[in-house]
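# Chain and residue survey
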Amino acid sequence: MILVTGGAGFIGANFVLGWLASTDESIVNLDKLTYAGNLNNLASVREDARHIFVKGDICDGGLVASLLDKYRPRAIVHFAAESHVDRSIHAPGDFITTNVNGTFSLLEAARAYVSRLPAGERAAFRFLHVSTDEVYGSLNPGDPAFTENTPYAPNSPYSASKAASDHLVRAYHHTYGLATLTSNCSNNYGPYQFPEKLIPLMIASALAGKRLPIYGDGANVRDWLYVGDHCAAIRRVLEAGRPGETYNIGGWNEKTNLEVVHTLCDILDSLVPTGTSYRQQIGFVQDRPGHDRRYAIDAGKIGRELCWRPVESFDTGIRKTVQWYLDHQDWVRDIQSGAYLQWVEKNYADRTSVSGRSA
Ligand code: NAD
Ligand code: TYD
């Protein structure tokens, strides 16, 4: 049995589905079901007795302690977080509460739980903290990619809150001997990603005939990893990672935002032709404040030490992803309700159009 937090979100749900498909081990899935949590992501395992869903907050130390005592998991895999940079700029408070205080609360519960375990179970227990490459800050063109030794330099309230949580995890290993593992991954894409993030937002907006809003000049670079590859890496770190270590995870796929959006438009042009290219819908809008210019991950350590490598190239992964969104337009439509529309209004209304389409 393992305990997963945030398993109704994008990566967590992919992890839960992949786990239940590839092992016999049960999962307790603790998720608060914020706007980003969606039980539809887990519909295919609704009848699976190995999946125990608990609606609750990681900040609730009493609840976490009771789950640990009841189910006696051999590991915690911690995904739960506020995860969207733009939201962290508009309202940072929730990011501190969940990402910092929530991780602290989970670490405290884990520390107390482990201290009550018999020696054998204590030695086997792992706390795997899922984090981001954004903690390392922004690279210039030509700078070497982030390694596990790159100094932290977070620039957004989101990345600062994740950096704080990474430091707490590190401290709990160093001070209390908790067997922690931290993974710092690049931008994920794939099924079940909430359509506020670049790739699903652009697919949904293209199909709806709306503007495709590119921040700034579109030359910001991200490294992209297919979510199934990220989940496989996490399983591998859990299985064979060395306690106290951190592992960078990435796809060796650096792309500018404009390249990504052009690729999406070209795939949609071939799968859902309208007579005009979807590229015509691209519009450049006011930049994100403090927008990091470039992220790049050196995933050499996890390759060398744990023999993990991504299976999908950007070309294969992005095609699968577009096809998934075309096949699951109901899933997107269910999300695009009142609260989602309010967010879109808030984030994009005050971004004056710099060029291209304005609506
Ligand atoms: P997401 O926003 O899609 O999902 C987050 C999940 O956490 C949701 O189900 C939400 O309901 C739940 N949650 C939020 N606050 C909670 C709380 N207080 N208690 C319990 N549950 C709560 O996020 P995601 O994109 O799946 O990211 C998962 C993790 O991976 C995060 O820690 C994120 O920082 C990290 N990460 C994400 C990416 C990416 O590209 N999406 C890349 C690297 C690392
Ligand atoms: P996002 O998916 O929000 O992930 P992150 O900020 O964590 O990297 O954004 C990916 C990139 O796409 C980032 O450089 C910002 C850019 N972007 C746009 O240009 N337009 C948009 O509407 C969004 C949501 C993002």
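Up top is the structure.
Residues numbered from 1 in each chain as written. Chains lettered and ligands numbered in written order. Predicted model: local features only at pLDDT ≥ 70, side-chain atom pairs only at ≥ 80, totals over all residues. Heavy atoms only, no water.

### Brief notes about the sheet that holds strand S3 (residues 51-55)
Here we have seven strands laid out as an open sheet, ordered S3-S2-S1-S4-S5-S6-S10, and parallel in their pairing. Strands at the two margins of the open sheet, each flanked by one partner only, are S3 and strand S10 (246-249). Direction aside, the axes of adjacent strands within the sheet are offset by 20° on average. Two strands pair when backbone bridges link them, and strand S6 (residues 180-185) and S10 are joined in this way by four bridges, in the parallel orientation. Within S10, the residue paired with Cys-185 across the bridge is Ile-249. Against the sheet, helix H1 (residues 10-22) engages strand S1 (2-5), strand S2 (27-31), S3 and strand S4 (75-78), with an angle of about 160° to S1. Packed onto the sheet, helix H6 (residues 157-176) meets strand S5 (126-132) and S6 and runs at close to 155° relative to S5. (Pairing = 2+ DSSP bridges. Helix = DSSP H or I, 4+ residues; strand = E, 2+ residues; numbered from the N terminus. Axes fitted to C-alpha atoms, helices over the stretch in contact; angles between N-to-C directions. Contact = heavy atoms within 4.5 Å.)

### Quick word on the environment of Cys-231
Counting through the fold element by element, Cys-231 comes out in helix H8 (residues 227-240). A relative accessible area of 3% means that Cys-231 is categorised as buried. Counting along the chain gives 113 residues from Cys-231 to Pro-118, while the straight-line C-alpha distance between them is 30 Å. Contacts of Cys-231, omitting those with residues within four sequence positions, involve Ile-11, Asn-14 and Phe-15. (Buried < 20%, exposed > 50% of the residue type's maximum accessible area, 1.4 Å probe, protein only.)

### With respect to the sheet that holds strand S7 (residues 187-189)
Strand order in the open sheet made by the three strands is S7-S9-S11, with mixed pairing throughout. Each edge of the open sheet is held by one strand with a lone partner, namely S7 and strand S11 (254-256). Across the sheet, the axes of successive neighbouring strands diverge by a mean angle of 50°, strand direction being ignored. Pairing between S7 and strand S9 (residues 221-226): three bridges, direction parallel. Bridging across to S9, Asn-187 finds its partner in Trp-224. Packing of H8 onto the sheet brings it into contact with S7 and S9, and relative to S9 it is tilted by some 70°.

### As for the side chain of Asp-229
Relative to the elements of secondary structure, Asp-229 occurs in helix H8. We note that Asp-229 is buried and unpaired, the nearest opposite charge coming from Lys-320 at a distance of 7.8 Å. At 2.8 Å, the side chain of Asp-229 and the backbone nitrogen of Val-311 are in polar contact. For Asp-229, the contacting residues outside a window of four places in its chain are Trp-308, Pro-310, Val-311 and Glu-312. (Lys, Arg positive; Asp, Glu negative; His and termini not counted. Salt bridge = Lys/Arg side-chain N within 4 Å of Asp/Glu carboxyl O. Polar contact = N/O pair within 3.5 Å; in protein donor to acceptor, adjacent residues only side chain to side chain.)

### Describing H8
Spanning 14 residues, H8 covers 20 Å between terminal C-alpha atoms, matching the ideal 20 Å at 1.5 Å per step. Every buried residue of H8 is accounted for by Val-227, Asp-229, His-230, Cys-231, Ala-233, Ile-234, Val-237 and Leu-238. (Expected span 1.5 Å × (residues − 1).)

### Some details on the nonpolar core
In this structure, Phe-15, Val-77 and Ile-302 are the most contacted members of the largest nonpolar core, which totals 69 residues. The biggest single contributor to this core is H1, with eight residues. Non-local contacts of Phe-15, meaning those with residues more than four positions away in its chain, are made with Ile-2, Val-4, Val-77, Phe-79, Cys-231, Ile-234 and Arg-235. (Core = buried A, V, L, I, M, F, W, Y, C linked by side-chain atoms within 4.5 Å.)

Geometric descriptors of this kind do not, in isolation, establish any biological role.
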